[in-house]
Amino acid sequence: MSAELRSLTVYVDTGRWADTVLTEVDLYVPAGQITALIGGPGEGKTMIAYALTGRLPDSAQATGDILIDGTVGYIPQEGIDAFAPDDTVFAQLDDLEQRHRSWTVTQACAAAHYPPDARKLLPRNNSAGQIQRAAVAAALLRSPDVLIADGPTSSLDQGTALGVWTSLREYADSGAALLVITHDIPLLMATGYADNVVVIEKGRILAAGTTSELSTAHDPRVRTYFRNSRPD
Ligand SMILES: Nc1ncnc2c1ncn2[C@@H]1O[C@H](COP(=O)(O)OP(=O)(O)OP(=O)(O)O)[C@@H](O)[C@H]1O
(Lines give C-alpha, C1' and ligand atoms only; values in the text may rest on other atoms or scores of the structure.)
Protein backbone atom coordinates (compact mmCIF):
# COMPACT_ATOMS: atom_id res chain seq x y z
CA MET A 1 0.00 0.00 0.00
CA SER A 2 1.54 3.24 -1.13
CA ALA A 3 1.13 6.29 -3.33
CA GLU A 4 3.66 7.60 -5.78
CA LEU A 5 4.12 10.42 -8.26
CA ARG A 6 6.71 9.95 -10.98
CA SER A 7 7.84 12.99 -12.89
CA LEU A 8 4.42 14.59 -12.56
CA THR A 9 4.04 17.87 -14.39
CA VAL A 10 0.72 19.74 -14.21
CA TYR A 11 -0.13 22.65 -16.46
CA VAL A 12 -3.28 24.65 -15.69
CA ASP A 13 -5.06 26.79 -18.25
CA THR A 14 -8.28 28.36 -17.00
CA GLY A 15 -8.72 30.56 -20.06
CA ARG A 16 -7.88 33.64 -18.00
CA TRP A 17 -4.74 32.26 -16.34
CA ALA A 18 -2.22 29.62 -17.39
CA ASP A 19 0.88 28.28 -15.68
CA THR A 20 2.79 25.13 -14.90
CA VAL A 21 1.91 24.48 -11.25
CA LEU A 22 3.87 21.23 -10.74
CA THR A 23 7.12 20.37 -12.52
CA GLU A 24 8.57 16.85 -12.64
CA VAL A 25 7.47 16.00 -9.13
CA ASP A 26 8.73 12.68 -7.76
CA LEU A 27 7.13 11.70 -4.47
CA TYR A 28 6.81 8.37 -2.66
CA VAL A 29 4.36 7.88 0.22
CA PRO A 30 5.12 4.49 1.80
CA ALA A 31 2.95 2.30 4.03
CA GLY A 32 3.30 2.66 7.78
CA GLN A 33 4.80 6.12 7.52
CA ILE A 34 3.86 9.78 7.67
CA THR A 35 5.27 11.86 4.86
CA ALA A 36 4.85 15.57 5.63
CA LEU A 37 4.58 18.00 2.73
CA ILE A 38 5.56 21.57 3.54
CA GLY A 39 5.98 24.79 1.59
CA GLY A 40 4.68 28.34 1.39
CA PRO A 41 1.29 29.45 0.05
CA GLY A 42 0.55 28.68 -3.59
CA GLU A 43 3.63 26.46 -4.04
CA GLY A 44 1.65 23.39 -5.18
CA LYS A 45 0.86 21.34 -2.08
CA THR A 46 -2.88 21.11 -2.66
CA MET A 47 -2.29 20.36 -6.35
CA ILE A 48 -0.26 17.31 -5.24
CA ALA A 49 -3.15 16.26 -2.98
CA TYR A 50 -5.53 16.69 -5.92
CA ALA A 51 -3.28 14.58 -8.17
CA LEU A 52 -3.06 11.75 -5.63
CA THR A 53 -6.82 11.68 -5.03
CA GLY A 54 -8.09 12.06 -8.59
CA ARG A 55 -9.21 15.67 -8.05
CA LEU A 56 -7.14 17.63 -10.54
CA PRO A 57 -9.31 20.46 -11.97
CA ASP A 58 -10.69 20.15 -15.51
CA SER A 59 -8.38 23.01 -16.50
CA ALA A 60 -5.32 20.88 -15.67
CA GLN A 61 -3.25 18.80 -18.10
CA ALA A 62 -0.97 16.27 -16.41
CA THR A 63 1.99 14.26 -17.69
CA GLY A 64 3.91 11.66 -15.73
CA ASP A 65 2.61 8.84 -13.54
CA ILE A 66 0.27 8.74 -10.56
CA LEU A 67 0.55 5.31 -8.94
CA ILE A 68 -1.80 4.29 -6.14
CA ASP A 69 -1.66 0.89 -4.45
CA GLY A 70 -4.79 0.50 -2.30
CA THR A 71 -7.79 2.65 -1.43
CA VAL A 72 -7.28 6.41 -1.08
CA GLY A 73 -8.86 8.74 1.46
CA TYR A 74 -8.77 12.51 1.55
CA ILE A 75 -9.08 15.18 4.22
CA PRO A 76 -9.76 18.42 2.33
CA GLN A 77 -8.22 21.76 3.26
CA GLU A 78 -11.72 23.02 4.14
CA GLY A 79 -13.34 20.41 6.40
CA ILE A 80 -16.82 21.36 5.19
CA ASP A 81 -15.94 20.01 1.74
CA ALA A 82 -15.97 16.50 3.24
CA PHE A 83 -19.74 16.73 3.86
CA ALA A 84 -23.01 17.09 2.00
CA PRO A 85 -24.78 20.29 3.13
CA ASP A 86 -28.24 19.09 4.18
CA ASP A 87 -27.65 16.21 6.61
CA THR A 88 -26.27 16.47 10.13
CA VAL A 89 -22.66 15.52 10.62
CA PHE A 90 -23.76 12.60 12.80
CA ALA A 91 -26.06 11.20 10.10
CA GLN A 92 -23.20 11.30 7.60
CA LEU A 93 -20.65 9.77 9.99
CA ASP A 94 -23.15 7.08 10.96
CA ASP A 95 -23.68 6.27 7.29
CA LEU A 96 -19.92 5.86 6.86
CA GLU A 97 -19.83 3.51 9.86
CA GLN A 98 -22.59 1.37 8.34
CA ARG A 99 -20.98 1.31 4.89
CA HIS A 100 -17.38 0.61 5.88
CA ARG A 101 -17.80 -1.31 9.18
CA SER A 102 -14.28 -0.58 10.27
CA TRP A 103 -14.32 2.18 12.87
CA THR A 104 -17.34 3.16 14.98
CA VAL A 105 -18.45 6.80 14.99
CA THR A 106 -17.48 6.97 18.67
CA GLN A 107 -13.96 5.68 17.97
CA ALA A 108 -13.43 7.94 14.97
CA CYS A 109 -14.71 11.05 16.78
CA ALA A 110 -12.51 10.31 19.78
CA ALA A 111 -9.44 9.90 17.54
CA ALA A 112 -10.31 13.14 15.73
CA HIS A 113 -11.06 14.98 19.02
CA TYR A 114 -14.43 15.92 17.53
CA PRO A 115 -16.84 17.01 20.29
CA PRO A 116 -20.09 14.98 20.64
CA ASP A 117 -22.42 18.02 20.71
CA ALA A 118 -21.31 19.35 17.32
CA ARG A 119 -22.38 16.08 15.64
CA LYS A 120 -26.05 17.01 15.97
CA LEU A 121 -25.51 20.11 13.82
CA LEU A 122 -25.47 20.60 10.07
CA PRO A 123 -21.92 20.87 8.69
CA ARG A 124 -22.19 24.65 8.13
CA ASN A 125 -23.18 25.21 11.76
CA ASN A 126 -19.97 23.60 13.01
CA SER A 127 -17.09 25.97 13.71
CA ALA A 128 -14.03 25.79 11.42
CA GLY A 129 -12.12 23.79 14.02
CA GLN A 130 -15.07 21.46 14.63
CA ILE A 131 -15.75 20.65 10.98
CA GLN A 132 -12.04 20.11 10.38
CA ARG A 133 -12.03 17.43 13.08
CA ALA A 134 -15.28 15.99 11.72
CA ALA A 135 -13.50 15.62 8.36
CA VAL A 136 -10.70 13.70 10.09
CA ALA A 137 -13.32 11.42 11.68
CA ALA A 138 -15.01 10.90 8.29
CA ALA A 139 -11.68 9.93 6.73
CA LEU A 140 -10.89 7.43 9.49
CA LEU A 141 -14.36 5.83 9.16
CA ARG A 142 -13.50 5.02 5.53
CA SER A 143 -10.28 3.36 6.75
CA PRO A 144 -8.30 3.99 3.56
CA ASP A 145 -4.95 2.34 2.82
CA VAL A 146 -3.57 5.69 1.71
CA LEU A 147 -4.68 8.91 3.43
CA ILE A 148 -3.94 12.34 1.95
CA ALA A 149 -4.58 15.09 4.51
CA ASP A 150 -4.47 18.73 3.41
CA GLY A 151 -3.74 20.79 6.51
CA PRO A 152 -5.80 18.65 8.92
CA THR A 153 -4.91 20.72 12.01
CA SER A 154 -4.67 24.24 10.55
CA SER A 155 -7.73 25.55 12.45
CA LEU A 156 -6.87 23.90 15.77
CA ASP A 157 -5.18 25.11 18.93
CA GLN A 158 -1.82 23.54 19.77
CA GLY A 159 -3.10 21.00 22.27
CA THR A 160 -5.90 19.73 20.02
CA ALA A 161 -3.58 19.70 17.01
CA LEU A 162 -1.18 17.49 18.94
CA GLY A 163 -4.03 15.11 19.78
CA VAL A 164 -5.09 14.83 16.13
CA TRP A 165 -1.48 14.35 14.99
CA THR A 166 -1.07 11.58 17.59
CA SER A 167 -4.11 9.81 16.10
CA LEU A 168 -2.71 10.23 12.57
CA ARG A 169 0.59 8.77 13.78
CA GLU A 170 -1.29 5.79 15.26
CA TYR A 171 -3.16 5.36 11.98
CA ALA A 172 0.15 5.25 10.08
CA ASP A 173 1.50 2.78 12.66
CA SER A 174 -1.46 0.51 11.83
CA GLY A 175 -0.03 0.22 8.30
CA ALA A 176 -1.55 3.11 6.33
CA ALA A 177 0.45 5.39 4.05
CA LEU A 178 -0.10 9.03 5.04
CA LEU A 179 0.75 12.26 3.25
CA VAL A 180 0.06 15.22 5.54
CA ILE A 181 0.29 18.79 4.27
CA THR A 182 1.19 21.11 7.14
CA HIS A 183 2.69 24.43 8.13
CA ASP A 184 3.23 23.24 11.70
CA ILE A 185 6.97 22.61 11.56
CA PRO A 186 7.49 23.21 15.31
CA LEU A 187 5.08 20.34 15.97
CA LEU A 188 6.92 18.08 13.48
CA MET A 189 10.21 18.93 15.15
CA ALA A 190 8.90 18.47 18.69
CA THR A 191 7.13 15.14 18.07
CA GLY A 192 9.19 13.48 15.37
CA TYR A 193 5.86 12.17 14.00
CA ALA A 194 6.84 12.62 10.34
CA ASP A 195 9.15 9.91 9.03
CA ASN A 196 9.98 12.08 6.05
CA VAL A 197 9.47 15.73 5.17
CA VAL A 198 9.22 16.94 1.60
CA VAL A 199 9.63 20.65 0.79
CA ILE A 200 7.93 22.06 -2.30
CA GLU A 201 8.70 25.43 -3.84
CA LYS A 202 7.28 26.85 -7.06
CA GLY A 203 5.85 23.47 -7.96
CA ARG A 204 9.16 21.61 -7.68
CA ILE A 205 10.46 19.36 -4.92
CA LEU A 206 13.18 21.40 -3.26
CA ALA A 207 14.31 18.84 -0.68
CA ALA A 208 13.30 15.69 1.17
CA GLY A 209 14.60 14.06 4.34
CA THR A 210 14.05 13.76 8.06
CA THR A 211 13.37 16.88 10.12
CA SER A 212 16.92 16.68 11.50
CA GLU A 213 18.42 16.42 8.02
CA LEU A 214 16.41 19.30 6.63
CA SER A 215 16.96 21.61 9.59
CA THR A 216 20.72 21.31 9.04
CA ALA A 217 20.60 21.30 5.22
CA HIS A 218 23.18 23.34 3.33
CA ASP A 219 20.52 25.05 1.21
CA PRO A 220 19.43 28.17 3.14
CA ARG A 221 16.02 28.04 1.40
CA VAL A 222 15.41 24.69 3.12
CA ARG A 223 16.83 25.74 6.50
CA THR A 224 14.54 28.79 6.53
CA TYR A 225 11.51 26.60 7.14
CA PHE A 226 13.11 25.24 10.29
CA ARG A 227 14.68 28.47 11.54
CA ASN A 228 12.77 28.72 14.82
CA SER A 229 12.63 25.01 15.54
CA ARG A 230 15.20 22.57 16.88
CA PRO A 231 15.29 18.79 16.38
CA ASP A 232 14.17 16.81 19.43
N1 LIG B 1 -8.65 24.63 -9.03
C2 LIG B 1 -7.63 25.37 -9.52
N3 LIG B 1 -7.65 25.82 -10.77
C4 LIG B 1 -6.65 26.52 -11.28
N5 LIG B 1 -5.52 26.82 -10.59
C6 LIG B 1 -5.43 26.40 -9.35
C7 LIG B 1 -6.48 25.65 -8.72
N8 LIG B 1 -6.08 25.36 -7.47
C9 LIG B 1 -4.84 25.91 -7.32
N10 LIG B 1 -4.46 26.54 -8.42
C11 LIG B 1 -3.17 27.24 -8.64
O12 LIG B 1 -2.13 26.27 -8.55
C13 LIG B 1 -1.01 26.81 -7.85
C14 LIG B 1 -0.69 25.93 -6.65
O15 LIG B 1 -1.77 26.07 -5.71
P16 LIG B 1 -1.95 25.10 -4.46
O17 LIG B 1 -3.38 25.26 -4.01
O18 LIG B 1 -1.50 23.73 -4.80
O19 LIG B 1 -0.95 25.77 -3.40
P20 LIG B 1 -0.66 25.35 -1.90
O21 LIG B 1 0.80 25.10 -1.79
O22 LIG B 1 -1.57 24.26 -1.47
O23 LIG B 1 -1.02 26.71 -1.11
P24 LIG B 1 -1.69 26.97 0.33
O25 LIG B 1 -0.67 26.65 1.37
O26 LIG B 1 -2.01 28.44 0.27
O27 LIG B 1 -2.93 26.13 0.42
C28 LIG B 1 -1.39 28.24 -7.47
O29 LIG B 1 -0.83 29.10 -8.45
C30 LIG B 1 -2.89 28.25 -7.54
O31 LIG B 1 -3.38 29.53 -7.84
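Nothing here was measured: the structure is a model prediction, and the numbers come from that model.

(A) Representation of the UniProt feature "domain: ABC transporter" (unreviewed entry) in the protein. Under the UniProt annotation, "domain: ABC transporter" (unreviewed entry) lies at residues 5–227. Between the C-alpha atoms that bound residues 5–227 the distance is 29 Å, and the span itself is 34% helix and 28% strand.

(B) Spotlight on the sheet that holds strand β9 (residues 204–209). As summarised here, the arrangement of the six strands in space is β5-β6-β7-β3-β8-β9, forming an open sheet in which the pairing is mixed. The sheet is open, and its two edges are formed by β5 (72–75) and β9, each paired on a single side. Each strand of the sheet is rotated relative to its neighbour by a mean of 20°, with strand direction disregarded. Pairing between strand β8 (residues 196–201) and β9: five bridges, direction antiparallel. Pairing of I200 across the sheet is with I205, part of β9.

(C) Main features of the pairing of strand β7 (residues 177–181). When you tally the buried positions in β7, you get five out of five residues, the bulk of the element. Burial along β7 is two-sided: A177, L179 and I181 and L178 and V180, pointing in opposite directions, are all buried. When strand β6 (residues 146–150) meets β7, the two strands line up parallel, connected through five bridges. Considered in β7, the bridge of L147 is made with L178.

(D) The arrangement of the nonpolar core in detail. In this structure, I34, F83, L93, Y114, L178, V197 and F226 are the most contacted members of the largest nonpolar core, which totals 49 residues. At nine residues, the largest contribution of residues to this core is made by helix α4 (residues 128–142). Domain assignment of the residues forming this core places at least three in each of domain 1 (1–71 + 147–157 + 177–232) and domain 2 (75–143). Counting 25 residues, the second largest nonpolar core, distinct from the first, contains L27, A49, A60 and I181.

About the criteria used
- Note on numbering: residues in each chain are counted from 1, in written sequence order.
- In keeping with the predicted nature of the model, local features appear solely for residues at pLDDT of at least 70, side-chain atom pairs appear and are counted solely at 80 or more, and the whole-chain, interface and lining totals rest on all residues.
- Side-chain metrics in this entry use all non-hydrogen atoms of the structure; hydrogen atoms and water are not considered.
- UniProt positions are given in the numbering used here, feature names are shortened, and annotations may be inferred rather than shown by experiment.
- Helix and strand definitions follow DSSP, with helices as H or I runs of at least four residues and strands as E runs of at least two, each counted in order from the N terminus.
- Here the rule is simple: two strands pair whenever DSSP picks up at least two bridges between them.
- To define axes, lines are fitted to C-alpha atoms, for helices over the stretch in contact only, and angles between the resulting N-to-C directions are given on a 0 to 180 degree scale.
- The cut-offs for exposure are 20% and 50% of the maximum accessible area for each residue type, with area from a 1.4 Å probe on protein chains only; residues under the lower value are buried, those over the upper are exposed, and the others partly exposed.
- Take the buried Ala, Val, Leu, Ile, Met, Phe, Trp, Tyr and Cys residues and link them wherever side-chain atoms come within 4.5 Å; each set so joined is a nonpolar core.
- Domain boundaries shown here were taken from an automatic or database domain assignment.

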